[in-house]
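Structural overview for review
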Amino acid sequence: MNEHLKTKDSIEEVIKGANILGDIVLQTLGPKGKNILIEKSTGPEIINDGVTIGKHVFLDDRLQNMGAMMMKQISKNTDENVSDGTTTATCLGLAILNMGYESIKNNPNLNTINLKKWLHYWKDEVIKILEEKAIDVNDENLFHVCMISSNNDEVLAKLIMEAYKEVGPEGYITVAHPISVVPSFKATKGMIYDKGWLTKMFKNNNKEKAFVAEKAKVVYVEGELRDQLHLISILEKGLDDGKNSPIIVVADKFTEDIVALALQNKFAGIDLCLVNAPGLVEEQMDYMNDMIAYTGGYIFNQKASRTLYDITDEDFGKVDYVKVTDKQFLFKVENPDSVKIAERILELRAKIDETKEKMFQNLYKVRLAKLTSGIAVIYPGGQSDIEIEDNIQRAKDAVGSLKAALEKGVLPGGGIALYRTAQKLTDTTHHSVSNERECVIAFETIVTSLHAPLLQILENCGYENSEIDKIEESLNQKDFWTGYNARTEKIENMLESGVIDPLKVQISALENAVSVSTAILNMGGSICLRQIDF
């Protein structure tokens, strides 16, 4: 299809599209943010989640639509990284984009490459301050993190905390479609590894963006699976019980012929997924032995006395639930063999005691944590489809925030951490770094943009500009943890009030905002597909 080159003036239309998306998404920010009604083919839905709302925004003007799509990338990347903070990320991105473009218009000879460099420099300085100010979490902090991310749903926050206490810090919490109107969770023994499927074509659940199955069979192969007859043997034996059980094959490598044959069978209706084995090559046998302590089964390799031609039903590991994505392999077993697990745990603890090398000790400890922790599934409940979808999304946000808080600690929420960081950054003026025009503009852009989330939260509370100015004045000369609680409409210590955000969420939001906005600011033109009238 022919393409049509637009002039550099098209950046204004791109920015206009970004702001159209922002106008609707930013309404949801804060405790008094609004919900958005979305028309879908399956019926209307009420959503309060930035990334979900953004997915449904499409504009008729192609340049404006590209701007909206780039803004969506900010929230999408933030959601994939931390499962929360998507609206804050959009807010920051728009603030940087709008102020940066105004500076470019007012300074025709501005070097946008240099501006991008300095925007990233000041972004990194902001992150340093945030990391210095973050504190570790306790159970009370974690509960408040869940409260904020679930939009102050106390029932849901308590449920997630119960699940967390059940599986422990090394455990895994996921969210599934409710099994009743009453919120609940179910914790079981299970394992999760940071290796996923070979290709997304094995996905069987579009909503979860994953391969999801119950009562599945698992085959473990150390090394490369290369013989197509071996795969055929696996499928024949795995399916000959008449139950049509889903089949997962775990191996270090798969040849192209194996992948092609597997996909051919999948498209023919067999629920099948090829999964990369966890760990380095020399570690994979150990990881697989950990797995079969849970699932049962047999590890096939070149040293084994039997081959895949001889596979029996007892050679398959059995799992009650499995979920595979591009990055993770999760499975759980309702009634694992406690004797085998205990034996494996004793072996690992002995290795930890015997090993003097810190690196190997840590590797053994990670494997031990997977064996001793569990998996919890949250069922958020709900009466109607609209309520269920909203509950699921808020539960996912809360679980993501809990994980992020455990990893890097917490900061004041409600936009206060970024607002206070802007104040602190102002104390260390840009003149001590460089007098370059681009450095000065980047500094002012970042400092001003850090105010944007708090100001948007206050705007969503319904305050006039004069009222917002008074609140800002009352925040001057206060310590880092003192801020405005939009829910109680008071100046409070945010930690004591439970208004806290994970550091990792704040960092992810800022990094993605700067990444996308600087890409747009450095735009010199655009190319659109030429429309053809029939």
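Note that the structure is a prediction, hence the values are computed from the model and not measured. (Residues numbered from 1 in each chain as written. Predicted model: local features only at pLDDT ≥ 70, side-chain atom pairs only at ≥ 80, totals over all residues. Heavy atoms only, no water.)

Notes on the confidence of the model for the protein
This is how it is decided: Scored from 0 to 100, pLDDT records how confident the predictor is in each individual residue. Strands are runs of DSSP state E lasting at least 2 residues, helices are runs of H or I lasting at least 4, and numbering of each runs from the N terminus.
When the pLDDT values of the protein are averaged, the result is 89; 96% of them are 70 or greater. Strand S1 (residues 3-6) is the least confidently modelled element of the protein, averaging 56 in pLDDT, while helix H16 (residues 452-460) averages 96, the highest of any element.

Considering the pairing of strand S4 (residues 172-175)
Heads up, the rule is: Exposure classes here rest on a 1.4 Å probe applied to the protein chains alone. A residue is buried below 20% of its type maximum, exposed above 50%, and partly exposed in between. What makes two strands pair is DSSP finding at least two bridges between them.
Alternating positions in S4 separate into two faces, Tyr172 and Thr174 on one and Ile173 and Val175 on the other, with burial throughout. Sheet analysis places S4 next to strand S12 (residues 374-379), joined by four bridges and oriented parallel. Note on S12: the bridge partner recorded for Tyr172 is Ile375.

What about the pattern of salt bridges?
We apply this condition: A carboxyl oxygen of Asp or Glu within 4 Å of a side-chain nitrogen of Lys or Arg is what we treat as a salt bridge.
Throughout the structure, instances matching the rule amount to 22 salt bridges. Close ionic contact of Lys105 with Glu102 constitutes a salt bridge, the shortest N to O distance being 3.2 Å. One end of the pair, Lys105, and the other, Glu102, are both in helix H4 (residues 86-106), three residues apart, so they sit about a helical turn from each other. Assessed through its relative accessible area of 43%, Lys105 is described here as partly exposed. You can call Glu102 partly exposed: its relative accessible area is 39%. Lys237 is the salt-bridge partner of Asp240, the closest N and O atoms lying 3.3 Å from each other. Using a relative accessible area of 49% as the deciding quantity, one classes Asp240 as partly exposed. Through salt bridges with shared partners, one network takes in Asp290, Arg344, Glu347 and Arg367.

Here's the deal with the environment of Val333
Applicable threshold: Here, residues are in contact when the closest pair of their heavy atoms is within 4.5 Å.
In this fold, Val333 is placed in the loop between strand S11 (329-332) and helix H11 (338-354). When its relative accessible area of 7% is taken as the criterion, Val333 is described as buried. Sequence-distant contacts of Val333, that is, excluding residues within four places in its chain, are made with Thr188, Lys189, Tyr294, Thr295, Lys318, Val319 and Asp320.

Re the packing of aromatic side chains
Note the threshold: Only centres within 6.5 Å qualify two rings of Phe, Tyr or Trp (six-membered ring in Trp) as a pair; their planes then separate them into stacked at under 30 degrees, edge-to-face at over 60, and tilted for everything else. A ring is considered to have a charge above it if a Lys NZ or an Arg CZ atom is located within 6 Å of its centre and within 35 degrees of its normal.
By the definition in use, this model includes seven aromatic pairs. With centroids separated by 5.2 Å and ring planes inclined at 45 degrees, the aromatic side chains of Phe329 and Phe331 adopt a geometry described as tilted. Classification of Phe329 by relative accessible area gives buried; the value is 1%. Given the relative accessible area of 1%, Phe331 is considered buried. Across the ring face of Tyr321, the terminal group of Lys332 is positioned such that the distance to the ring centre comes to 5.1 Å. Lying over the aromatic face of Tyr193, Lys370 brings its terminal NZ or CZ to 5.0 Å of the ring centre.

Quick word on unusual backbone geometry
Phi is positive for Asn151, which is not a glycine, with a value near 60 degrees. A positive phi angle, close to 60 degrees, is found at Asn152, a residue other than glycine. Mapped onto the elements, Asn152 comes out in the loop between helix H6 (139-149) and helix H7 (154-167). The class of Asn152 is partly exposed, set by a relative accessible area of 22%.

A few points about the pairing of strand S15 (residues 490-493)
Of the strand pairs in this sheet, strand S14 (residues 482-485) and S15 are connected by four bridges, and their pairing is antiparallel. Bridge assignment links Tyr484 to a residue of S15, and that residue is Ile491. Here S14 hands over to S15 after four residues, with Glu489 in that stretch at a positive phi of 60 degrees.

Some details on the state of the cysteines
Counted only if it meets this: Throughout, a disulfide means two cysteine sulfur atoms within 2.5 Å of one another.
A full pass over the atoms with the stated rule returns zero disulfides. As a non-bridged cysteine, Cys461 has Cys91 as the owner of its nearest cysteine sulfur, 13 Å distant.

A closer look at helix H19 (residues 503-521)
Rule in force here: Expected helix span is computed as 1.5 Å times (number of residues minus one).
With 19 residues, H19 extends 27 Å from end C-alpha to end C-alpha; this agrees with the ideal 27 Å at 1.5 Å per step. Across the 19 residues that make up H19, a large majority, 16, are buried.

Some remarks on helix H5 (residues 112-133)
In this model, H5 (22 residues) spans 32 Å end to end at C-alpha, consistent with the 32 Å of a helix rising 1.5 Å per residue. Listed as buried for H5 are Asn114, Leu115, Trp118, Leu119, Trp122, Lys123, Glu125, Val126, Ile127, Ile129 and Leu130. Close packing links the buried residues of H5 with H4, strand S13 (410-412), helix H14 (416-427), helix H15 (437-449) and H19.

Thoughts on the nonpolar core
Defined as follows: The criterion is simple. A nonpolar core is a set of buried Ala, Val, Leu, Ile, Met, Phe, Trp, Tyr and Cys residues joined through side-chain atoms within 4.5 Å.
Within the largest apolar cluster, 103 residues are counted, with the highest numbers of intra-cluster contacts made by Met71, Trp122, Ile160, Leu425, Ile446, Leu450 and Ile520. Setting aside its immediate chain neighbours within four residues, Ile160 contacts Cys146, Ile173, Ile378, Ala395, Ala398, Val399 and Leu402. The next biggest cluster of nonpolar side chains, apart from the first, holds 55 residues, and it includes Phe202, Leu225, Tyr364 and Leu368.

Topic: the environment of Ile352
Among the secondary structure elements, Ile352 is positioned in helix H11. Accessibility expressed as a relative area gives 13% for Ile352, which makes it buried. A C-alpha to C-alpha distance of 7.2 Å links Ile352 and Lys365, two positions 13 residues apart in sequence.

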